[in-house]
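Listed here are the chains, written in short residue letters.
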Amino acid sequence: MAGELAIEAVGLRRTYRTRTGWLRPRRGSVDAVRGVDFAVARGELFGLLGPNGAGKTTTIKMLNTLLTPTGGTARVMGLDVVRDTRAVRRRIGYVFGGDRGLYERLSALDNLRYFAELYGVPAREQRARIGALLDAVDLTGREHERVEGYSRGMRQRLHIARGLLHEPDVLFLDEPSIGVDPVAARELRAMIAELSASGTTVLLTTHYMAEAEELCDRIAVIAAGRLAALGTADELKHAAAGRRVLSVEAYGVTDAHLAHLDALSGVRDATVEVSGQQQTLRIQTDAHVDVQPAVLRELAGVRLGRVETRAPTLEDAYVAIVNSTRAEAAA
Amino acid sequence: MNPVRMLLLGTLLQVKQQSRSPLEITISLLVPLVQATLAVYLFKAGTNPPALLLAAVGAGMMGVWSSVLFGSGAAIQNQRFQGTLEILMITPMRPAFKILPITLATGLVGLYSVVATLLWGVLLLGVPPSFAAPLWFVVAAPVCVLALGAFGLLLASTFVLLRNANAIVNPLGYPVWLLSGMLVPVTALPGWTGPIAAVLPTTWGARALRAAVTGGPVWPALALCVGEALIALVLGAIALHFVDRRARVTATLALT
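Residues numbered from 1 in each chain as written. Chains lettered and ligands numbered in written order. Predicted model: local features only at pLDDT ≥ 70, side-chain atom pairs only at ≥ 80, totals over all residues.

## Digging into the overall build of chain B
Here comes step 1: From N to C terminus, chain B includes eleven helices and zero strands.
Here comes step 2: Its C-alpha atoms give chain B a radius of gyration of 18 Å, within 12% of the compact-globule value 18 Å for 256 residues.
Here comes step 3: Oriented by its inertia axes, the alpha-carbon framework of chain B measures out at about 60 × 40 × 35 Å.
Here comes step 4: By the burial criterion, 52% of the 256 residues in chain B qualify as buried. (Helix = DSSP H or I, 4+ residues; strand = E, 2+ residues; numbered from the N terminus. Rg over C-alpha atoms; globule rule 2.2 N^0.38 Å. Buried ≥ 20, exposed ≤ 12 C-beta atoms within 10 Å, placed from the backbone.)

## Observations concerning the overall build of chain A
Here comes step 1: Helix and strand content of chain A: eleven helices and 14 strands.
Here comes step 2: Expressed along its principal axes, the backbone C-alpha trace of chain A runs to roughly 70 × 50 × 45 Å.
Here comes step 3: A burial count over chain A gives 44% of its 331 residues as buried.

## Topic: the domain arrangement of chain A
Here comes step 1: Domain boundaries assigned for chain A yield domain 1 (2-19 + 30-232) and domain 2 (242-311).
Here comes step 2: Here the C-alpha centre of domain 2 of chain A lies 37 Å away from the C-alpha centre of domain 1 of chain A. (Domains from an automatic or database assignment.)

## Section: the interface of chain A and chain B
Here comes step 1: Taken residue by residue, the interface counts 24 residues in chain A and 24 residues in chain B.
Here comes step 2: Contributions of two or more residues to the side of chain A that touches chain B are made by helix H2 (85-91) and helix H3 (108-118) of chain A. (Contact = placed C-beta atoms within 7 Å.)

## A few points about the packing of helix H7 (residues 134-159) of chain B against helix H11 (residues 219-250) of chain B
Residue and element names in this part refer to chain B.
Here comes step 1: Taken N-terminus to C-terminus, the directions of H7 and H11 make an angle of 25 degrees; their axes are 7 Å apart at the nearest point. Judged on the interaxial angle alone, H11 and H7 are roughly parallel. Crossing geometry of H7 relative to H11 is assigned as left-handed.
Here comes step 2: A breakdown of the residues in the contact of H7 with H11 according to their chemical character gives 22 nonpolar, three polar and no charged. (Axes fitted to C-alpha atoms, helices over the stretch in contact; angles between N-to-C directions. Parallel < 35°, antiparallel > 145°, perpendicular 65-115°, else oblique. Left-handed = near helix turned anticlockwise from the far one by under 90°. Nonpolar A, V, L, I, M, F, W, Y, C, P; charged D, E, K, R; others polar.)

## Quick notes on unusual backbone geometry
Here comes step 1: For A:Met77, which is not a glycine, the phi torsion comes out positive at approximately 50 degrees.
Here comes step 2: By the secondary structure assignment, A:Met77 is in the loop between strand S4 (71-76) and strand S5 (79-80).

## A few points about the sheet that holds strand S3 (residues 45-49) of chain A
All names here are of chain A.
Here comes step 1: Read across the open sheet, the six strands follow the order S6-S7-S8-S3-S9-S10; overall the sheet is mixed. Where the open sheet ends on each side, the last strands, each with one partner, are strand S6 (92-96) and strand S10 (226-231). Taking the axes of each pair of neighbouring strands and ignoring which way they run, one obtains an average angle of 15 degrees across the sheet.
Here comes step 2: Of the strand pairs in this sheet, S3 and strand S9 (residues 218-223) are connected by four bridges, and their pairing is parallel. When the sheet's bridge partners are listed, phenylalanine 46 is paired in S9 with arginine 218.
Here comes step 3: Most of the contacts of helix H5 (residues 152-164) go to S6, to which it runs at about 165 degrees, and overall it touches S6 and strand S7 (170-174). (Pairing = 2+ DSSP bridges.)

The structure is reproduced here in structure tokens:
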């Protein structure tokens, strides 16, 4: 089994040391990852979900050798990430989201040539490989332009091309679609799916549930530095089994409203998502209880939009998992 | 993997990246021109043509040192700010091969200063281009610049370990200009400065260029400059290896 694993994390931990003040420095520590175990099979597309600060990026950085774990072990393609650092680096690619991480004043072609050298891609193969990657990420014809003039979507595609130059066995994608417009995000998802189909193992972190559900063979949810759930998207949805979701569009819901809704009989969880002026209340309830009249009474005086009851989605399951983990951690 | 090819291409692309920064180019060209103008007018009192040329060359060398000191000293910090440090360090090359092209590029960008001050002196200030050994000058200038770029690797690796590296970069500019004899011969300085000057590759680089302008053997000073730079290169590579390991433990590769 071990030979078939692309990634193996056993009891992986990372504690950051902190220091504040100069004259009398106060030292402390923050446990970012508190003993995470999981394994990813070769060729698998594995998703890592979790709220901000849950430990996703720290976990990825321990697996891709950018951070040394303070506890536990991690192996990539059978190689220990601490002992066999350079061998691991030859076999992995790393792509992160956002605007940074490219040489802005160089062209896309120059960026790719530079990293092809840094990854030791043989000179005779570089031209063909860079050309094929530029085609794959749809940047052919724009490769001589400086990166500083690129849109975020183009930069992200260039990042992916850079990460694939040396044909890595394992690709770490840390929130690659962050800030990318819907069309570019769809193209990005298609590219990731193609990579996985071609046999590359992909570890993807994302905040977009639809992206995770569409792409990932299995998903791990990390919350408060711990692995809170692991399974296929359908398996994770069981975390919200026996529930229904009442979704309410509203304008002007306060924290006090939310606290009252949370306290209603039959309500398992109430959260609010804000998008511009509009709020979307998502109230998870026991499936056999109709809480709609009570909810509408609590929201009397608040301007409301569409109200609907539906079956739980992966996002609802995710919220349930994260909230129950937080509650356990707080207890 | 071909490290030589990697270093050549990496240095070329880093020169390209740095040369397209309006701020860096302004600093590389403008400051040495002001210094060259001041130096030429000060030296004109002596009405000695080689001294005027030395003033132009010396001001150019000051520009090279500034470029190396600020560029290499802050090389790792700059990569961190533009978000390229992590993707650079995650490549399988040894750490020195990843940073050396950047520091060599800072030296080469400094070469613009030498060219600019020479042209400025000859074309606008009427300094006669009377080199005692012009061919030696053409060889020595780029060799000195590359040697200082290699020395920059030691600056890059040690400065990144110092919390207040930025605070010591500025005061390091002027003393090194003086101690290395870029404008004033080291023989004019107090005796106790001699040992300090001797361990600086800038001293031997400036002396080699001075010899190419005024006459005398160029290669001994040039060899010492390259030798000291190679020692600094080895020390810098070792230091960088530990910096890389330490950064992975202390989580200081990224800004966040």
